[in-house]
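# Tertiary structure, described
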Amino acid sequence: LLLALLLSALVTKWLTGVIGRRAQTIADAVDAVTAGDLSARVAVPDGPPADSFDSMGQAFNVMLTRLQGLLDELRAITDGLAHDLRSPLARLKARTDRLGLGTSVDAGDLAAISQEADSLIAMLDNSLEITRAEAGIGRDSFNMLDVAALVTDLAEMYEPLAEDKGVALVAETSGPLPVLAHRQLLGRALSNLIDNALRYGGSGDAITLAAKRRGGMVQLVVADRGPGIPTAQRGEALRRFGRLDAARQAGERAQGAGLGLSLAAAVARLHGGRLHLADNRPGLKVTIEFPVQPAANGGNQA
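Nothing here was measured: the structure is a model prediction, and the numbers come from that model. (Residues numbered from 1 in each chain as written. Predicted model: local features only at pLDDT ≥ 70, side-chain atom pairs only at ≥ 80, totals over all residues. Heavy atoms only, no water.)

## What about the overall build of the chain?
- Each helix and strand in the chain was counted, giving 8 helices and 7 strands.
- Of all 302 residues assigned to the chain, the portion counted as buried reaches 36%.
- Put simply, of all contacts in the chain between residues at least 6 apart along the chain, 71% involve residues at least 24 apart.
- Accessible surface, the chain: about 16,700 Å² in total, of which carbon and sulfur atoms supply 58%. (Helix = DSSP H or I, 4+ residues; strand = E, 2+ residues; numbered from the N terminus. Buried < 20%, exposed > 50% of the residue type's maximum accessible area, 1.4 Å probe, protein only. Contact = heavy atoms within 4.5 Å. Areas by Shrake-Rupley, 256 points an atom, 1.4 Å probe, with all protein chains shown as cover.)

## What to know about the pattern of salt bridges
- Enumeration according to the criterion identifies 2 salt bridges in this entry.
- One salt bridge in this structure joins arginine 22 and aspartate 54, with 2.7 Å as the shortest N-O distance. With a gap of 32 residues between them, arginine 22 in helix H1 (residues 2-34) and aspartate 54 in helix H2 (residues 52-100) connect regions that are remote in the sequence.
- Exposure remark for arginine 22: the relative accessible area of 27% places this residue in the partly exposed category.
- For aspartate 54, a relative accessible area of 6% corresponds to the buried category. (Salt bridge = Lys/Arg side-chain N within 4 Å of Asp/Glu carboxyl O.)

## Thoughts on a negative patch on the surface
- Together, Glu156, Glu159, Glu163 and Asp164 give the surface a local cluster of negative charge.
- With respect to the element layout, aspartate 164 can be found in helix H4 (residues 147-164).
- Looking at aspartate 164, the relative accessible area reads 68%, which means it is exposed. (Patch = residues over 30% accessible without salt bridge, like charges linked within 9 Å, V, L, I, M, F, W, Y side chains within 5 Å. Lys, Arg positive; Asp, Glu negative; His and termini not counted. Charge placed at Lys NZ, Arg CZ, Asp CG, Glu CD.)

## Observations regarding helix H8 (residues 260-270)
- Of all 11 residues in H8, 10 are buried, a share of seventy percent or more.
- Of all the positions in H8, only Gly260, Leu261, Ser262, Leu263, Ala264, Ala265, Ala266, Val267, Ala268 and Leu270 are classed as buried.
- One or two positions beyond H8, positive phi appears at glycine 272, with a value near 80 degrees.

## A word on the packing of H4 against helix H5 (residues 183-200)
- Relative orientation of the contacting elements H4 and H5 amounts to 35 degrees, with a least axis distance of 11 Å. Viewed along their axes, H4 and H5 form a crossing whose handedness is right-handed. Each of Val147, Leu150, Val151, Asp153, Leu154, Met157, Tyr158, Leu161 and Ala162 in H4 lies in contact with H5, whose residues at this interface are Arg183, Leu186, Gly187, Leu190, Ser191, Ile194, Asp195 and Leu198. (Axes fitted to C-alpha atoms, helices over the stretch in contact; angles between N-to-C directions. Left-handed = near helix turned anticlockwise from the far one by under 90°.)

## Some points on the pairing of strand S4 (residues 206-214)
- The pairing of strand S2 (residues 168-172) with S4 spans 5 bridges and is parallel. Residue pairing in the sheet places valine 170 in a bridge with threonine 208 of S4.
- Bridge count between S4 and strand S5 (residues 217-223): 7 bridges; the pairing is antiparallel. Of the residues in S5, the one forming a bridge with threonine 208 is alanine 223.
- Hairpin connection of S4 to S5: 2 residues between the antiparallel strands, including glycine 215 at a positive phi of 65 degrees. (Pairing = 2+ DSSP bridges.)

## Looking at the nonpolar core
- Grouped together as the largest cluster of nonpolar side chains are 49 residues, with contacts concentrated most on Leu186, Leu190, Leu220 and Ile288.
- Discounting chain neighbours no more than four positions away, the residues touching leucine 220 are Val147, Val151, Leu186, Leu190, Ala210, Ala211, Val286, Thr287, Ile288 and Phe290. (Core = buried A, V, L, I, M, F, W, Y, C linked by side-chain atoms within 4.5 Å.)

## Regarding the sheet that holds S2
- Spatial strand order, S2-S4-S5-S7-S6: 5 strands in an open sheet with mixed pairing. Both edges of this open sheet fall to S2 and strand S6 (274-279), since each of them pairs with a single strand only. Each neighbouring strand pair of the sheet contributes to a mean axis angle of 15 degrees, computed without reference to strand direction.
- Against the sheet, H5 touches S4, S5 and strand S7 (284-291), its axis set at about 30 degrees to S5.

## Observations regarding the environment of alanine 32
- Tracing the backbone through its elements, the reader meets alanine 32 in helix H1.
- Assessed through its relative accessible area of 23%, alanine 32 is described here as partly exposed.
- In contact with alanine 32, other than residues within four places in its own chain, are Asp37 and Ala40.

## A short note on H1
- For H1, which comprises 33 residues, the first-to-last C-alpha distance of 46 Å matches the rise-based estimate of 48 Å (1.5 Å per residue) to within 8%.
- Looking one or two residues past H1, glycine 36 carries a phi angle of roughly 115 degrees, positive in sign. (Expected span 1.5 Å × (residues − 1).)

## Here we look at the side chain of aspartate 224
- Here aspartate 224 is to be found in the loop between S5 and helix H6 (234-238).
- It turns out aspartate 224 is buried and unbridged, and the closest side chain with the opposite charge, arginine 225, is 7.5 Å from it.
- Separated by 3.0 Å, the side chain of aspartate 224 and the backbone nitrogen of glycine 226 make a polar contact.
- Residues contacting aspartate 224, with those up to four places away along its chain left out, are Ala197, Gly201, Ala206, Ile207, Asn280, Pro282, Gly283 and Leu284. (Polar contact = N/O pair within 3.5 Å; in protein donor to acceptor, adjacent residues only side chain to side chain.)

## So, a nonpolar patch on the surface
- The grouping of Leu3, Leu6, Leu7 and Leu10 at the surface amounts to a nonpolar patch, some 410 Å² of accessible area in total.
- Within the secondary structure layout, leucine 6 lies in helix H1.

Given below as structure tokens:
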């Protein structure tokens with residue numbers, strides 16, 4: 001009995017030490033991250049987990065990697081927002097200072113101030129919509145929607161603007177295409193893509209809008225005949241406030257904010273899908289693809 005008690009005490013002490021050391025590695029990684037070292041990770045072996053502590057460590061590492069990515073994105077968003085707000089705010093201040101000097105005011109000055117204010121409001125609205133979509137807000141507002149009719153309506157709405165730019169706007173649909181979706185967000189995403197195509201797609205050519213179904217997926221396409229985006233730079237173009245240098249300069253003149261593609265990608269993810277960028281040979285082809293019946297929280301049947 002004494003020998004058994006002694007062995008039990010030794011085994012218990014050994015197990016307590018092993019469990020304590022394994023748990024301490026996780027606690028040390030969490031403490032390091034709390035202290036500001038976002039690169040800290042739990043030491044786990046490669047391959048499948050050997051025990052519950054390995055599974056827990058791998059889960060913590062995934063969580064920490066995601067946290068680091070979100071914070072890096074937040075820094076990039078803050079830098080981009082500060083950069084993109086600086087120019088319109090400086091122009092707005094210069095014009096209001098001019099008015100404050102008592103100089104003559106013409107309709108052009110007031111229109112320019114109104115335009116600058118509108119661009120700032122649009123930038124903040126788009127940023128808010130992206131955040132809401134990435135947080136999954138809006139799934140409870142899904143309804144049955146004919147996306148073919150949505151594409152046709154948008155083509156008719158943008159046709160006068162396209163004509164002014166010397167661009168033919170073509171809608172390609174093949175009958176009704178009912179899906180479970182958020183009408184306002186999809187319309188906002190497609191409108192941003194059409195705006196981008198009109199802004200950067202060149203003039204004297206065509207922009208194609210299409211709605212089609214492939215298996216259990218629906219594809220909404222906006223294709224232009226402009227310079228397109230090189231494959232190596234498409235990741236940057238999809239990042240919030242991420243714009244190419246040439247596009248940034250042109251965007252500042254046209255009151256762009258580098259949020260159109262980012263918003264469209266967020267809306268695609270909200271619908272359980274994704275956004276593709278491809279060559280239109282020449283030009284850019286943007287496709288929003290998502291399931292006809294999203295697996296996420298359903299929606300209200302209209």
